[in-house]
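# Residue-level structural notes
Take a look at the letters that make up each chain.
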Amino acid sequence: MLAPRARPLLTTFFSTPRSRKGDTMTQVATPAPRVIESRARRSRFFEKLAPYGFVAPVSALILVLMIIPIAIVIGFSTFDNVIMTPESNFTGLQNYVTILNDGTFYIAARNSLFFTLGSVAAHLVIGLAFATMLNTRLLSPLIKAIFRALFILPWLFTVAIIAVLWRMLLNPNGIINYLLISSGVIDVGVEWLSSRDTALLAVTFINVWAGYPFFMVSLLAGLQGIPRDLYEAATVDGAGPWQQFWNVTLPQLRPIILSMVILDMIWTSQQFALIWLTTGGGPINSTEMLPTYTYKLAFSTYEFGLASASAVIILLLSMVLAFFYVRHQKVRD
Amino acid sequence: MGVTRKARDARARVWVLAGLVAGTIFAAFPVFWMLSSSFKKNSEIFAYPPQIITEGFSFEPYLVILTDPVKLRFFGNSYLVALSVTALTLLVATLAAYAFSRYRFAGGKTLNLIILSVQAVPPITLLVPFFSLMVTLRLYNTYQGLILTYMVFTLPYAIIMMTAYFNTLPRELDEAAKIDGAGPLKVLTRILVPISIPGMVSVGTYTFMIAWNEFLFALTLTRTEDMRTVPIGIQLLMGQHSYEWNEMMAMSILGSLPVLLLFLFFQRYFIGGLTSGSLKT
Amino acid sequence: MNTKALRSRGRLALLSSVAFMFAAAGCAPAADTGTATDTGSESASADEVVLEFAQWWEPELPEGAFRGLMDEFEAANPGIKVELLSGPYSSTKEQVVAGAAAGTMSDVVGLDGAWVSDFVKQGSLADLSALMDSSSYDQAQLASQIQIDGSTFMVPVVNFVYPLYTNDDLLSAAGVAAPPTNRTEFEAAASAVSGDGVSGWALPLSLEAPNGIQNDVMSWVWASGGSMLKDGQPDVTNAEVTSAIEFIKGMWDGGSIAPGSFTMKEQDKLEEFTNGRAAMVISSLSHINLIRESNPDLNFSISALPSVDGYSGKRGIPYASWGIGVAENSENKDEAWKLVSFLMSESTNQKLSSIANAFPGNTTAVPDFVQGDELFGKAFEIYQSGFPANEFVGLPVAEELMRLFDEQFQLYLEGDSTVDEMLTAAQEAWVAKF
């Protein structure tokens, strides 16, 4: 394993930055012992408070703007209906029972699972592949810059446009079918989004296209943080490019990859607009997902109590994931 | 000797270029089609067989948008909100990520869990309570309301990612600075942040994109035309009975061009930072 | 790059953006003082009333036309100003719900008939009957009123009727001389035309916006005087609905319906017709000018929806309206009603229906386009000789009812159920909602 050997290299780099950068560090005369001690005690106190100070802004913001509405939603889930009725009655966990007894909920959950896992896996592979290619030393910076700009294009557009665009492309009489028929891959146009067999795959593909730049850009940044000398040392050891990728690149990127995977899983499971605007959960229920299911409860049947219960169930499922992630976060020493 | 390094490099270069070209087709073809559609007449967009350039080729959709002050205001609002959100989120997230990465403090893990979990609530169910809250706080139909809302959406991501980037930087860096007498804030701003520029740029990019592309809360939290953003402008072209397809595409392209330019400008920071700067070049 | 420069530049950039943001945000309230804090309407000056009118109509009408009408109203009613708040149609429903819940609902709102029942249940709409009584309004001039439990909550301002459009070139090329008048002729025409990239009929069954069930499916029932309700309760298992469903299935199996049905929306259906790929569609009257503009070479006609063979009674013609209502928590209900009655007055209603290419909600108004234009004239004839039919208006959770029916219908078309199973399932689902 390369990592242990990398450490001495790292310390060589990072222990001398100051002198290399030419930073001015004045030499201070050592003060008296008592002054040092009280100074140390004071700084220890501030040191203890420091992290709380650093997380204060975000805590305040999230507490006020998110915790309160979320608490309201959780509250809503225990009433038989809210917002759309003049009076609501407290029903405890009844809404949860109703949802968990609904067959459509499980269909939605199953589709969501496929959609999420498929999207995240594809995002990771494509993002990694593109980032690695964009990080190569074999091409000039200008060429790499051009390709970087091209690869980031899917990110620039709002979901409504992406949905409209892909419905256009995947139209039975659209350009994709036209190209496939002209090149002889298929004989007759496929109803990509309108057929039960292909709709889920099509929607997943669209989501992969729309979301891979996130992985690509984050990984590209992460790749910058891998010291070149690790690769040099690996080459000296006789490792080929593929082995270097597995043994140097991936381990170095691990914390970033883990974070991205968990974030993307949570986001993808929330993806509503893309599915709603392309297929509306259809045909029949082949692209029904937890978010579309929740939306219909809220704004089609106007059952906000049930919708809130559905939301809380989704939240709990995601929190399980989040919990495992938080527990395994480690700083590299 | 067998194959020279140069020859191997040349072969590898071909493979990489091939991969990049394939990737470009995947990434850019739909956008290319969007561009082509923006020049067509509405009726030609769905013609079969599809054509790249049609008889009705014209710049009219672009002109309609560029000469409409209402639509230009949409662009302005979007940029203002997105830039502000990016700057503030980076500031707040970097501070918090530093705490999560470098400190073990009571409630740290719980707070981390909460921050991560708040993203897991379907926004559509949050809509009504959140909206009522914003009205109560008198942030309805204001820039501040939108900015704070987007910050709340993007902070979990920004904090997680910045924490992860900080986690890749060994503690030896901190120690070295602390020995020299630097306090926690100095360690952050003078040691960690400069090295994390690529990470910050990538986080900033995504934060910008989220704020830029968001529709539902932009629509709900704004009331008057002078506060609305580009995604709303695009959806206004999606009528009850028919869509203004070419104008929608044109508006999308127009809106994304400056964002692309911004990205091109900030690209160089992806290859900045301590490591490649200080290594033997 | 020198890290020191980077560092200080980075910090400077951050600080300046923050400062910029606060400066900008500080400028922002100037743009909306007096509007950001109050809910509903508020006074701009001492006696002036500002009405907020939330709708999706302005962007769909010619530039400045709707604002022009509002200016007319303001001139005729000194002391009242109208602020137009336009939003995308597809999000209107959620915005009204959110606005009503948060107390920011506009005084006057544009409505779709499918939402009325639920908004009344929420208590967000004002009782217009009471307003009409208190202002002694002559209700005879209103072509229709949407009522729940005897009180009016929405008035249709203009009606978009949905006649049958036929591509005459495609039909005559297939040997069909005239637009079909009954179901047999329709089915024959559809299959005669189909083939080689062209379909006889386009049927939008998207589950996102399931109004295809209203305009393209149930319309067949109403065109033959049938009904999907009985005494206001669901009755989809009856003979008329069954025959309409089987009729469509026949064409589906025969291959004369355009591909992509299950996710096709109304806007896509129009494009299929305009591009000459669908020979017949049931579409909104407002599309006549759209089609003429986008494809001037297309020869098409308007006709009534075909009925069951041998039916000679009045034919129901499906419609969707731009409806109007007043918010229950509005502080200016009387002024709001003035705006509503202005829009319903003969001259204004006539103007509005002319620019919207719709039929008036005022009984005596006649839109400009009717005279002198053959197609529009024909449509008006059909409208007057039949009756507007849309049984979904005023039903509870109307959109969800359409969606439930749509899901069952898709299963049936795919061959997963029989017509009786499908209709029974739909009936059960509907009854649960009533």
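Residues numbered from 1 in each chain as written. Chains lettered and ligands numbered in written order. Predicted model: local features only at pLDDT ≥ 70, side-chain atom pairs only at ≥ 80, totals over all residues. Heavy atoms only, no water.

Summing up its helical and strand segments, chain A has 14 helices and 0 strands in all. Helices and strands in chain A line up, N terminus first, as α-α-α-α-α-α-α-α-α-α-α-α-α-α. Residue burial in chain A is summarised as follows: out of 333 residues, 55% are buried. Contacts spanning at least 24 positions in sequence make up 66% of the contacts within chain A whose residues lie at least 6 apart. Carbon and sulfur atoms make up 67% of the accessible area of chain A, which totals about 15000 Å². (Helix = DSSP H or I, 4+ residues; strand = E, 2+ residues; numbered from the N terminus. Buried < 20%, exposed > 50% of the residue type's maximum accessible area, 1.4 Å probe, protein only. Contact = heavy atoms within 4.5 Å. Areas by Shrake-Rupley, 256 points an atom, 1.4 Å probe, with all protein chains shown as cover.)

Another point: helix H16 (residues 419-433) of chain C. Quick reminder: α-helices carry 3.6 residues per turn. Residues three or four places apart thus point the same way. Under the 1.5 Å per step criterion, the end-to-end length of H16(C) is 21 Å for 15 residues, consistent within 8% with the ideal 21 Å. Those residues of H16(C) that are buried lie in contact with strand E9 (233-234), helix H9 (239-253) and helix H15 (398-414) of chain C. (Expected span 1.5 Å × (residues − 1).)

What follows is about the interface of chain B and chain A. At the junction of the two partners, chain B supplies 115 residues and chain A supplies 111 residues. Summed over both sides, the interface between chain B and chain A buries roughly 10500 Å², with carbon and sulfur atoms accounting for 78% of that surface. The tally of links from chain B across to chain A stands at 1 salt bridge. A salt bridge links A:Arg137 to B:Asp9, with the shortest nitrogen-to-oxygen separation between them at 3.5 Å. At the boundary of chain B and chain A, one finds 12 residue pairs in polar contact (both at pLDDT 80 or more). The dominant element in the side of chain B that touches chain A, judged by the number of residues it contributes, is helix H1 (residues 5-38) of chain B, at 20 residues. Here the side of chain B that touches chain A is composed, by residue class, of 82 nonpolar, 22 polar and 11 charged. (Buried area = accessible area lost by both parts, 1.4 Å probe. Salt bridge = Lys/Arg side-chain N within 4 Å of Asp/Glu carboxyl O. Polar contact = N/O pair within 3.5 Å; in protein donor to acceptor, adjacent residues only side chain to side chain. Nonpolar A, V, L, I, M, F, W, Y, C, P; charged D, E, K, R; others polar.)

Summarising the element assignment, B:Ser78 is placed in helix H3 (residues 69-102). Once residues lying within four places of it in the same chain are set aside, the contact partners of B:Ser78 are B:Trp212, B:Thr229, B:Val230 and B:Pro231.

Attention shifts here to the pattern of salt bridges. Under the counting rule described, the total for this entry stands at 24 salt bridges over all chains. Measuring nitrogen to oxygen at the nearest pair gives 3.5 Å for the salt bridge that ties B:Arg223 to C:Glu83. One end of the pair, B:Arg223, is in the loop between helix H10 (216-221) and helix H11 (230-236); the other, C:Glu83, is in strand E2 (residues 80-86), on a second chain. Of the two residues examined, B:Arg223 and C:Glu83, each falls in the buried class. A salt bridge links C:Lys81 to C:Glu48, with the shortest nitrogen-to-oxygen separation between them at 3.9 Å. Remark: C:Glu48 occurs in the loop between helix H1 (3-32) and strand E1 (49-55) and C:Lys81 occurs in strand E2; sequence separation between them is 33 residues.

In this structure, C:Phe53, C:Phe392, C:Phe405 and C:Phe409 are the most contacted members of the largest nonpolar core, which totals 343 residues. Sort the elements by how many residues they give to this core and helix H6 (residues 143-167) of chain B lands first, with 17 residues. Beyond its immediate sequence surroundings of up to four residues, C:Phe409 is in contact with C:Leu203, C:Leu205, C:Ile213, C:Val217, C:Ile245, C:Ile248 and C:Met422. (Core = buried A, V, L, I, M, F, W, Y, C linked by side-chain atoms within 4.5 Å.)

What follows deals with the interface of chain A and chain C. Counting from both sides, the interface comprises 30 residues of chain A and, opposite them, 33 residues of chain C. Summing both partners gives a buried area of about 2700 Å² for chain A against chain C, and 52% of it is carried by carbon and sulfur. Interface area lost by chain A to chain C is led by A:Met84, A:Ile284 and A:Tyr302, which between them contribute 22%. For the pair chain A and chain C, the number of links is 4 salt bridges. Residue C:Asp268 is joined to A:Arg167 by a salt bridge in which the shortest nitrogen-to-oxygen separation is 3.1 Å. Contributing elements (two or more residues each) for the side of chain A that touches chain C: helix H12 (273-278) and helix H13 (290-299) of chain A. Considered class by class, the residues forming the side of chain A that touches chain C number 13 nonpolar, 11 polar and 6 charged.

This paragraph deals with the packing of H9(C) against H16(C). Residues and elements named next belong to chain C. Between H9 and H16, whose axes approach to 11 Å, the crossing angle comes to 125°. Our classification of the angle between H9 and H16 gives oblique. Classified by chirality, the crossing of H16 by H9 is right-handed. Contacts between H9 and H16 involve Val241, Thr242, Ile245 and Glu246 on the former and, on the latter, Val419, Met422 and Leu423. Residues belonging to the contact of H9 with H16 are distributed by class as follows: 5 nonpolar, 1 polar and 1 charged. (Axes fitted to C-alpha atoms, helices over the stretch in contact; angles between N-to-C directions. Parallel < 35°, antiparallel > 145°, perpendicular 65-115°, else oblique. Left-handed = near helix turned anticlockwise from the far one by under 90°.)

Residues and elements named next belong to chain C. Relative to the helices and strands, Phe186 is located in helix H7 (residues 183-193). Each C-alpha atom of the pair Phe186 and Gly325 lies 39 Å from the other, and the pair is 139 residues apart in sequence. With near-sequence residues (within four places) excluded, Phe186 lies in contact with Leu164, Pro180, Trp201, Trp220, Phe247, Met251, Met280 and Pro306.

All names here are of chain C. This model, assessed by the stated rule, comprises 77 aromatic pairs over all chains. Here the aromatic cluster, defined as three or more aromatic residues joined through ring pairs, consists of Phe53, Trp56, Trp57, Phe66, Tyr89, Trp115, Phe119, Phe160 and Trp322. One Lys or Arg, Arg183, reaches over the ring of Phe247 and ends 5.4 Å from the middle of that ring. (Phe/Tyr/Trp six-rings, centres within 6.5 Å; stacked < 30°, edge-to-face > 60°. Lys NZ or Arg CZ within 6 Å of the ring centre and 35° of its normal.)

Attention now goes to the sheet that holds strand E11 (residues 300-303) of chain C. Residue and element names in this part refer to chain C. Across the sheet, which stays open at both edges, the 4 strands sit in the order E7-E10-E6-E11 with mixed pairing between neighbours. Strand pairing shows two members of the sheet lacking a second neighbour, strand E7 (199-201) and E11, which therefore form its edges. Ignoring strand direction, the axes of neighbouring strands in this sheet form an average angle of 15°. The sheet contact formed by strand E6 (residues 164-167) and E11 spans 4 bridges and is antiparallel. Within the sheet, the bridge partner assigned to Asn167 lies in E11 and is Phe300. Sitting on the sheet, helix H10 (residues 266-274) is in contact with E6, strand E10 (278-282) and E11, with an inclination near 145° to E10. (Pairing = 2+ DSSP bridges.)

Residues and elements named next belong to chain C. Inspection of the secondary structure assignment puts Leu170 in helix H6 (residues 168-173). Residues Leu170 and Val198, spaced 28 residues apart in sequence, show a C-alpha to C-alpha distance of 8.9 Å. Residues contacting Leu170, with those up to four places away along its chain left out, are Val193, Val198, Gly276 and Ala279.

Residue and element names in this part refer to chain A. Its place among the elements puts Ala163 in helix H7 (residues 159-169). Between the C-alpha atom of Ala163 and that of Trp276, which follows or precedes it by 113 residues, the distance is 8.8 Å. In this structure, Ala163 is in contact with Leu274, Leu277 and Thr278, ignoring residues within four places of it in sequence.

Let us now look at unusual backbone geometry. B:Tyr48 connects to B:Pro49 through a cis peptide bond whose omega is 0°. Mapped onto the elements, B:Pro49 comes out in the loop between H1 and helix H2 (60-66). With a phi angle near 55°, A:Tyr302 is a residue other than glycine that sits in the positive phi range. You can see A:Tyr302 is positioned in the loop between H13 and helix H14 (304-327). Backbone geometry places C:Ser136, a non-glycine residue, at a positive phi of 50°.

Let us look at the pairing of E10(C). Residue and element names in this part refer to chain C. In terms of residue burial, E10 counts as a mostly covered element, since 5 of its 5 residues are buried. As paired strands, E6 and E10 are joined by 3 bridges and run antiparallel to one another. The partner of Tyr165 across the bridge, within E10, is Val281.

Our focus in this paragraph is the packing of helix H2 (residues 65-76) of chain C against helix H12 (residues 333-344) of chain C. To characterise two packed helices, one gives the angle between the axes of the helices and the distance between these axes. Residues and elements named next belong to chain C. Interaxial distance between H2 and H12 falls to 11 Å at its minimum, and their mutual angle equals 120°. Comparing their axes, H12 and H2 come out oblique. Judged by the twist between their axes, the crossing of H2 over H12 is right-handed. Residue-level inspection shows Phe66, Leu69, Met70, Glu72 and Phe73 of H2 in contact with H12, the latter providing Glu335, Lys338, Leu339, Phe342 and Leu343. Here the contact of H2 with H12 is built from residues that sort into 7 nonpolar, no polar and 3 charged.

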